[in-house]
Amino acid sequence: MAEVIQFNCPVCETTLRLPLDLAAQKGPCPTCHHEIIAPDPFRGIGAFEVPQAPAFRPSEPFRPFVDSPPLVPKEAAPPPPVVEEVKVPVVAETPASPPEVKVSPPPQKAVLVLSCLLSFAVALAMGYAFGVRSNQYFMRIPPPAAASSPANKKEEISTQLEKTAPVAKPEPTPVFVKPIIQDPPKQEIPKPEPVKPPEPVKVSAAAEASLRAFLEAPDWAARNAHVLFPETVRSAMESYSREAPDGPTPFKSIAVKQSQTDEKTGNTLFIFLVEIESLPTSIPVAVAETPKGWLVDWQTFIEFRDDRFKKFASGPSGKTGHFHLIVSTPPPDRAASTENEHFASFLVDPPIPGRQELAFVKKNSDAYRVCLAATASGGIFTPVLELTKLTTPDKQTYLEILKVSAGDWLPREK
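Residues numbered from 1 in each chain as written. Predicted model: local features only at pLDDT ≥ 70, side-chain atom pairs only at ≥ 80, totals over all residues. Heavy atoms only, no water.

Asker: In this structure, what is going on with the overall build of the chain? I would like to understand it.
Answerer: Along its length, the chain carries nine helices and 15 strands. The 414 residues of the chain split such that 30% are buried. At a minimum sequence separation of 6, the contacts of the chain that also span at least 24 residues come to 51%. Approximately 29,700 Å² of the chain is accessible, and the part contributed by carbon and sulfur atoms is 59%. (Helix = DSSP H or I, 4+ residues; strand = E, 2+ residues; numbered from the N terminus. Buried < 20%, exposed > 50% of the residue type's maximum accessible area, 1.4 Å probe, protein only. Contact = heavy atoms within 4.5 Å. Areas by Shrake-Rupley, 256 points an atom, 1.4 Å probe, with all protein chains shown as cover.)

The following block contains the structure:
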């Protein structure tokens, strides 16, 4: 299986592939040219962008408030009703002309007598009229009404209509009240929400589903259907269930940390970080693609979940075990105080904080030469080591590296 790392650029999401020996190295992305750090799949370190100083952003320009709607003046009261003047046509009375009387000429004496009588009657009538006119206030006789002209008759009719028509109450004069204009309340201009990029389709969905089924299995027999090399590890799972209960494993979260593809077979290996309630940090779990589907590396999982390296280091002497460890060189002052002409020392720890131990290795062994070459430039080495715990004659215990069983943490049948 080729040692290739496949990961996505943390800036532009471009799928990149690097040799395994370039893990945790810095370099530019060939697509977006951002400086990134390559991941290390076996230390639980993913790819990330090299932090840069934040750029200065000018403050957002001031935006005036939106003008308030124009004020609508109060609707004026309707004017009082107008009483239309009733115009009554006045017809002038034309005195009828007296009928023409044909008088035959009287005799001459008769005319003289008639003239005297007529003069006497006229004088008598004039005297009577003068006397009545001079004594009308004494006699309390109202004066005769003056003959009304057509204009007087029109005014008289209008007056009578005004007396008989109902008196309309005058409407109150509308008073214009000046509205009180208040400043509109200050409104905060909402900031535009950042547009979230569309979530990519998770290619690891099938692998994650298989891992969840593995974690939620009720017992070791049900879990055996989701593990790599089921026939080989079946007996180990059955015997281990007698030492430690192997029921469902409660977890808080699952996240993809790393992936790589075998160029020969085209199969993909995912490294998930599983947060378990009993541990202070997430542990890496390998899920590999096989012809039978996605299967979980059970041997590495129980080693990290049950903290087997810590139990081995604090346990009794005389035991041997295989462990997935991170190997690095100790500080110079510590190395000088622990090494001699026969033994060299290395720091070994699992991917769980607070578990680091000092392990010794014979300088004339193959394990020493492999560890020295892998950590010569100050890098880290992630092998599978065979360790033993021994006791010195003065009752001091120490760990010794016997063999480098594998140079990486890829799942293996044995």
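Asker: Honestly, helix α5 (residues 230–243) in this entry has me stumped. Any pointers?
Answerer: Note: α-helices contain 3.6 residues per turn, so residues at a spacing of three or four share the same orientation. Between the first and last C-alpha of α5 there are 19 Å, a value that for 14 residues agrees with the 20 Å anticipated at 1.5 Å per step. Of all the residues in α5, the buried ones are Val233, Met237 and Tyr240. Summarising the contacts, the buried residues of α5 are in contact with α4 (220–223), α6 (298–305) and α7 (308–313). (Expected span 1.5 Å × (residues − 1).)

Asker: How should the packing of aromatic side chains be read in this particular structure?
Answerer: The geometry of an aromatic ring pair is captured by the separation of the ring centres together with the interplanar angle, meaning the angle of the planes. Across all of its chains, the model carries nine aromatic pairs by this definition. Ring geometry for Phe270 against Trp294: centres 5.5 Å apart, planes inclined by 45 degrees, an arrangement best described as tilted. Separated by 24 residues along the polypeptide, Phe270 in strand β7 (residues 268–276) and Trp294 in strand β9 (residues 293–296) bring together distant segments of the chain. Across the pair, exposure class does not vary: Phe270 and Trp294 are buried alike. Judged by centre distance (5.5 Å) and plane angle (75 degrees), the ring pair of Phe309 and Phe323 falls under edge-to-face. Linking Phe309 in helix α7 with Phe323 in strand β10 (residues 320–324), this pair joins segments that are 14 residues apart in sequence. According to the relative accessible area criterion, Phe309 is buried, its value standing at 2%. Over the ring of Phe214 we find Arg223; its NZ or CZ atom is 5.3 Å from the centre of that ring. (Phe/Tyr/Trp six-rings, centres within 6.5 Å; stacked < 30°, edge-to-face > 60°. Lys NZ or Arg CZ within 6 Å of the ring centre and 35° of its normal.)

Asker: Even after reading the chapter, I still don't get the sheet that holds strand β15 (residues 397–406), so can you show me in this structure?
Answerer: Within a sheet, adjacent strands bond to each other through the backbone by hydrogen bonds, running parallel or antiparallel. With mixed pairing, the six strands of this open sheet are ordered in space as β10-β14-β15-β13-β12-β11. Here the strands that pair on one side only, and so sit at the sheet edges, are β10 and β11 (326–328). On average, each strand axis in the sheet is inclined to that of its neighbour by 40 degrees, with strand direction left out of account. Pairing analysis gives two bridges linking strand β13 (residues 357–362) to β15, with the strands arranged parallel. Across the sheet, Phe360 pairs through a bridge with Glu400, a residue of β15. (Pairing = 2+ DSSP bridges. Axes fitted to C-alpha atoms, helices over the stretch in contact; angles between N-to-C directions.)

Asker: I would appreciate a short explanation of the pairing of strand β1 (residues 4–8) in the present structure.
Answerer: Working note: regular strand, side chains alternate between the two faces of the sheet. Here β1 lies mainly inside the structure; four of its five residues are buried. Here β1 runs beside strand β2 (residues 15–19); their pairing, made up of five bridges, is antiparallel. In the sheet register, Val4 faces β2, and the bridge partner there is Pro19. Between β1 and β2, which pair antiparallel and follow one another directly, the connecting turn spans six residues, one of which, Glu13, has a positive phi of 65 degrees.

Asker: Just to check I follow, could you spell out unusual backbone geometry for this structure?
Answerer: One can expect most non-glycine residues to show negative phi and most peptide bonds to be in trans. Positive phi values are uncommon outside glycine, yet Ala24 reaches one of about 65 degrees. Residue placement: Ala24 occurs in the loop between β2 and β3 (26–28). Judged by its relative accessible area of 40%, Ala24 falls in the partly exposed class. Although it is not a glycine, Lys395 adopts a positive phi angle of roughly 70 degrees. Secondary-structure assignment places Lys395 in the loop between β14 (384–391) and β15. Since its relative accessible area comes to 70%, Lys395 is described here as exposed.

Asker: Quick question: what am I supposed to make of the side chain of Ser365 here?
Answerer: Relative to the elements of secondary structure, Ser365 occurs in the loop between β13 and α9 (366–374). Owing to a relative accessible area of 18%, Ser365 belongs among the buried residues under this scheme. Within the structure, Ser365 has its side chain in polar contact with the backbone oxygen of Lys362 (distance 2.6 Å). (Polar contact = N/O pair within 3.5 Å; in protein donor to acceptor, adjacent residues only side chain to side chain.)

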